Amino acid sequence: MARVEVFDDPAALLDGAADAVAAIARASVAARGRVTLALSGGSTPRGLYDRLAGGWRQRLDWTRVHVFWGDERCVPPTHADSNYRMAREALLDHVPIPTAQIHRVAGEADPEAAALDYAATLAATLDGASRDHPGAFDLVLLGLGADGHTASLFPHRAAGRETRRLVVADHVDAARGWRLTLTPPILNAARHTMVLVAGADKAEALAAVLEGPPNVDLLPAQRLTGSGVCWLVDRAAAARLAASPRG
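Residues numbered from 1 in each chain as written. Predicted model: local features only at pLDDT ≥ 70, side-chain atom pairs only at ≥ 80, totals over all residues. Heavy atoms only, no water.

1. Quick word on the sheet that holds strand β4 (residues 71-73)
Hydrogen bonds between backbone groups are what pair the strands of a sheet, and the pairing can be parallel or antiparallel.
Step number 1: Strand order in the open sheet made by the 3 strands is β4-β7-β6, with antiparallel pairing throughout. Only two strands of the sheet have a single partner each, and these edge strands are β4 and β6 (167-172). Within this sheet the neighbouring strands show an average axis-to-axis angle of 20°, counted without direction.
Step number 2: Where β4 meets strand β7 (residues 177-182), 3 bridges bridge the pair, whose relative direction is antiparallel. Each residue of the ladder has a partner; that of R73, found in β7, is R179.
Step number 3: Packing of helix α4 (residues 111-125) onto the sheet brings it into contact with β6 and β7, and relative to β6 it is tilted by some 150°. (Pairing = 2+ DSSP bridges. Helix = DSSP H or I, 4+ residues; strand = E, 2+ residues; numbered from the N terminus. Axes fitted to C-alpha atoms, helices over the stretch in contact; angles between N-to-C directions. Contact = heavy atoms within 4.5 Å.)

2. Brief notes about α4
Step number 1: An ideal rise of 1.5 Å per residue puts 21 Å on 15 residues; α4 measures up with 21 Å between its terminal C-alpha atoms.
Step number 2: Among the residues making up α4, those that are buried are P111, A114, A115, Y118, A119, L122 and T125. Viewed end-on, α4 has its buried residues packed into an arc of 140°, placing them on one side of the element. Exposed positions of α4 whose direction lies more than 90 degrees from the buried face are L116, D117 and A124. (Expected span 1.5 Å × (residues − 1). Buried < 20%, exposed > 50% of the residue type's maximum accessible area, 1.4 Å probe, protein only. Arc of directions from axis to C-beta.)

3. Topic: the packing of aromatic side chains
Step number 1: Going through the model one piece at a time under the given rule, you end up with 2 aromatic pairs.
Step number 2: Judged by centre distance (5.3 Å) and plane angle (75°), the ring pair of F68 and F137 falls under edge-to-face. Residue F68 is found in strand β3 (residues 65-69), and its partner F137 is found in the loop between α4 and β5 (139-143); the two are separated by 69 residues along the sequence. This pair shows no difference in class: F68 is buried, exactly as F137 is.
Step number 3: When the ring centre of Y84 is taken as origin, the NZ or CZ atom of R104, which lies over that ring, is 5.6 Å away. (Phe/Tyr/Trp six-rings, centres within 6.5 Å; stacked < 30°, edge-to-face > 60°. Lys NZ or Arg CZ within 6 Å of the ring centre and 35° of its normal.)

4. Things to note about empty space enclosed by the protein
Step number 1: In the structure shown here, the tally under the stated rule is 1 cavity of 30 Å³ or more.
Step number 2: Space inside the largest cavity adds up to approximately 30 Å³.
Step number 3: Taken together, V21, A25, V35, L37, L60 and V65 form the lining of the largest cavity.
Step number 4: Those elements giving two or more residues to the lining of the largest cavity turn out to be α1 (10-32) and β2 (35-39). (1 Å grid on protein atoms, 1.4 Å probe; cavity = no way out; pocket = protein on both sides within 12 Å on 5 of 7 lines; lining within 4 Å. Points joined across faces, edges and corners; volume = space filled by probe spheres on them.)

5. A look at the packing of α1 against helix α2 (residues 43-53)
Step number 1: The geometry of α1 relative to α2 is characterised by a closest axis approach of 9 Å and an angle of 60° between their N-to-C directions. Classified by the angle their axes make, α1 and α2 are oblique. In terms of crossing hand, the pair formed by α1 and α2 is right-handed. Along its contact with α1, which presents A11, L13, L14, D15, A17, A18 and V21, the element α2 presents T44, G47, L48, R51 and L52.
Step number 2: Partitioning the contact of α1 with α2 into residue classes produces 8 nonpolar, 2 polar and 2 charged. (Parallel < 35°, antiparallel > 145°, perpendicular 65-115°, else oblique. Left-handed = near helix turned anticlockwise from the far one by under 90°. Nonpolar A, V, L, I, M, F, W, Y, C, P; charged D, E, K, R; others polar.)

6. Re the sheet that holds strand β9 (residues 229-234)
Step number 1: Judged by pairing direction, the sheet is parallel, and its 6 strands sit side by side in the order β1-β9-β8-β5-β2-β3 without closing on themselves. Sheet topology places β1 (3-7) and β3 at the edges, where each strand pairs with a single neighbour. Within this sheet the neighbouring strands show an average axis-to-axis angle of 20°, counted without direction.
Step number 2: Where β2 and β5 come together, 2 bridges link them in parallel fashion. Residue pairing across strands places A38 opposite V140, the latter belonging to β5.

7. Some thoughts on the pairing of β3
Step number 1: Most of β3 sits inside the fold, with 5 of its 5 residues counted as buried.
Step number 2: In the sheet, β2 pairs with β3 via 5 bridges, with the strands oriented parallel. By the bridge assignment, L39 is partnered in β3 with W69.
Step number 3: Once the chain exits β2 it traverses α2 before rejoining the sheet at β3, and the crossover so formed is right-handed. (Right-handed = clockwise from strand over helix to strand, strands pointing away.)

8. So, the packing of α2 against helix α3 (residues 83-90)
Step number 1: One way to put it is that α2 packs onto α3 with a least axis distance of 8 Å and a crossing angle of 30°. For the pair α2 and α3, the crossing hand works out as right-handed. Every residue of α3 that contacts α2 at R46, Y49, D50 and A53 is listed here: M86, A87, E89 and A90.
Step number 2: Grouping the constituent residues of the contact of α2 with α3 by class yields 5 nonpolar, no polar and 3 charged.

Shown next, in the form of structure tokens:
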């Protein structure tokens, strides 16, 4: 059964998420000397990044953090839609992460070539990566779309059905263009995955993903089956859960 933590409101959700990120980072550095963190786009993650760059800044050893992205739009890094740009403006410009430890997705490159290059970066960087194992992030941050997508795994798209490649390029009409995304094998290999969901507009999707009948092609977020997955949601998003857990 999915682990779900419910918070009273979006602010409490983001505070709890920031606490969790700091705790996971400390444990990862203690165990392995660094923390590998995959970031997400979206307004809720941006609120988390603001906290990590502000009140929580001193709780992480940023010199030990390696940053990646769970997905990216195929746009230049200066584009307003770039997940990299959002993370840079909200977080990376404000904390002392060495430049060599920021592993950006080349959204401006040819999509298929960029997917291959990013997969090679993951294989060269993540703990335990080998020909037969994708390696493991210490922490992956994700969100949930109102259509049940997560990362850039959209309904009825082959990217969600991928079982071998770590990164794929996909042209998604609903997303108005090309996306680059991590795939289920590497997402589910992560030691910790935090899915942040806030707002009443996500309540129907959250209930369908967590309590509805299995339909992974329609609801790609149901493909998050790793042992380290935890859903952090506010009460508005949790309103339609039949077995609403307590925060």
